[in-house]
Amino acid sequence: MEQLTLTTPALLFSAISLIMLAYTNRFLAYASVIRNLHDKYLEKKDDSLLRQIQNLKLRLNLTRWMQIFGITSLLFCVLTMFLIYVGYQLIAVWAFGFGLILLLLSLILLIREIQISAEALKHHIADIEEHLNKKKL
């Protein structure tokens, strides 16, 4: 096995930082949409709004876990660099491996969240198409 150097975990810093920025933007967008839907629901107690809020709640939770795994992955990269610096190579390899697994989990959750988002958009499109078909009749 090749020796793990300080540059290997450092390479992940920019990637993880960009991923975390994207996750944070998703989180903020969901929070904003939920607030708007909440206000609309208080005005008219529509069940479709409740379903949208529940869907967004699930997506918000997934995004939160994506952030937690991503941040923890970054922490393990920093720990790896420290362990390499102080000469604990074997522990550093394990810490880096664990950090990669956490990043992988974060990305798997992102895939699931995207699937849920796409399904929700399909429902919106179907509602619009149904409304347009009623107008034509």
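Below is a short write-up of the structure. (Residues numbered from 1 in each chain as written. Predicted model: local features only at pLDDT ≥ 70, side-chain atom pairs only at ≥ 80, totals over all residues. Heavy atoms only, no water.)

## Focus on the overall build of the protein chain
Move 1: Tallying secondary structure elements over the protein chain gives three helices and zero strands in all.
Move 2: Taken from N to C terminus, the helices and strands of the protein chain fall in the order α-α-α.
Move 3: The C-alpha radius of gyration computed for the protein chain amounts to 21 Å, which surpasses the reference 14 Å derived for 137 residues by more than 25%, pointing to a less compact arrangement than a globule.
Move 4: Each of the three principal axes of the protein chain carries a C-alpha extent, and together these read 75 × 30 × 20 Å. (Helix = DSSP H or I, 4+ residues; strand = E, 2+ residues; numbered from the N terminus. Rg over C-alpha atoms; globule rule 2.2 N^0.38 Å.)

## Details of helix H2 (residues 47-86)
Move 1: An ideal rise of 1.5 Å per residue puts 58 Å on 40 residues; H2 measures up with 58 Å between its terminal C-alpha atoms.
Move 2: One or two positions beyond H2, positive phi appears at Gly87, with a value near 95°. (Expected span 1.5 Å × (residues − 1).)

## Considering the pattern of salt bridges
Move 1: Enumeration according to the criterion identifies three salt bridges in this entry.
Move 2: Two residues, Arg26 and Glu113, come together in a salt bridge whose shortest N-O distance is 2.4 Å. Taken together, the residues Arg26 in helix H1 (residues 7-43) and Glu113 in helix H3 (residues 89-136) connect sequence positions 87 residues apart.
Move 3: For Glu113, a relative accessible area of 0% puts it in the buried group.
Move 4: Connected through shared salt-bridge partners, Arg26, Arg59 and Glu113 make up one network. (Salt bridge = Lys/Arg side-chain N within 4 Å of Asp/Glu carboxyl O. Buried < 20%, exposed > 50% of the residue type's maximum accessible area, 1.4 Å probe, protein only.)

## A word on the environment of Ala31
Move 1: Residue position: Ala31 is located in helix H1.
Move 2: Owing to a relative accessible area of 15%, Ala31 belongs among the buried residues under this scheme.

## A few points about H1
Move 1: Here H1 spans 55 Å end to end across 37 residues, near enough to the 54 Å set by a 1.5 Å rise per residue.
Move 2: Considering bend angle alone, the principal kink of H1 is centred on Ser14 and spans about 25°.
Move 3: Regarding H1, the residues found buried are Pro9, Leu12, Ile16, Met20, Tyr23, Tyr30, Ala31, Ile34 and Leu37.
Move 4: In this structure, the buried side of H1 is in contact with H2 and H3. (Bend = angle between axes of the 7 residues up to and from the residue. Contact = heavy atoms within 4.5 Å.)

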